[in-house]
Amino acid sequence: MRSWMRWPALVCLSLLLWTVAAESTHNHASQTESTSCTICLAAHTASPAPTSTPTTPVFAAIGVAHEEAVVAKARLDSSDLGIRGPPVL
Ligand SMILES: [Zn+2]
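Residues numbered from 1 in each chain as written. Predicted model: local features only at pLDDT ≥ 70, side-chain atom pairs only at ≥ 80, totals over all residues. Heavy atoms only, no water.

(A) Structural detail: the overall build of the chain. Looking only at helices and strands, one finds four helices and zero strands in the chain. The order of α-helices and β-strands along the chain, N terminus first, is α-α-α-α. Sorting the 89 residues of the chain into buried and exposed places 3% on the buried side. For the chain, the exposed surface amounts to about 9200 Å²; the carbon and sulfur share of it is 64%. (Helix = DSSP H or I, 4+ residues; strand = E, 2+ residues; numbered from the N terminus. Buried < 20%, exposed > 50% of the residue type's maximum accessible area, 1.4 Å probe, protein only. Areas by Shrake-Rupley, 256 points an atom, 1.4 Å probe, with all protein chains shown as cover.)

Structure representation (structure tokens):
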């Protein structure tokens, strides 16, 4: 990696690490301060809550499969093989 690309990458990485450390270690003296803190609001609203209830499955027959015999009609002539047919007596 070139040196001019390395320094901005290190600066961005250090900013990210400082931000993570500041967000995870901050605390509030009172409960009222935490209700107006945007970091705490984002942390508590990001957790998903289940919104659906499982339902029982419905089993119903929608049709019956019928088998049909498939017979290919083969046609094979001696001329298809490129050989001469048997002699006719
Ligand atoms: Zn907070």
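(B) Examining the coordination of the zinc ion more closely. Protein-derived ligands of the zinc ion are H26 (NE2), H28 (NE2), C37 (SG) and C40 (SG), with the metal-ligand distances lying across 2.0 to 2.4 Å. Viewed at the metal, the four donor atoms of the zinc ion are separated by angles of 103 to 121°, and the geometry they form is tetrahedral. Sequence positions of the residues that donate to the zinc ion give the spacing H-x1-H-x8-C-x2-C. With H28 in the loop between α1 (3-25) and α2 (31-36) and C40 in helix α3 (residues 38-45), the pair connects residues that are 12 residues apart, well separated along the chain. Taking relative accessible area as the criterion, C40 reaches 13% and is therefore assigned buried. (Donors = N, O, S within 2.8 Å, 3.2 Å for Na, K, Ca; no water. Tetrahedral: all angles 85-135°; square planar, octahedral: opposite > 155°, others 65-115°.)

(C) Layout of a nonpolar patch on the surface. A surface patch of nonpolar side chains, about 630 Å² in accessible area, is lined by W7, L10, L13, L16, L17 and V20. Residue position: W7 is located in helix α1. For W7, a relative accessible area of 59% puts it in the exposed group. (Patch = residues over 30% accessible without salt bridge, like charges linked within 9 Å, V, L, I, M, F, W, Y side chains within 5 Å. Salt bridge = Lys/Arg side-chain N within 4 Å of Asp/Glu carboxyl O.)

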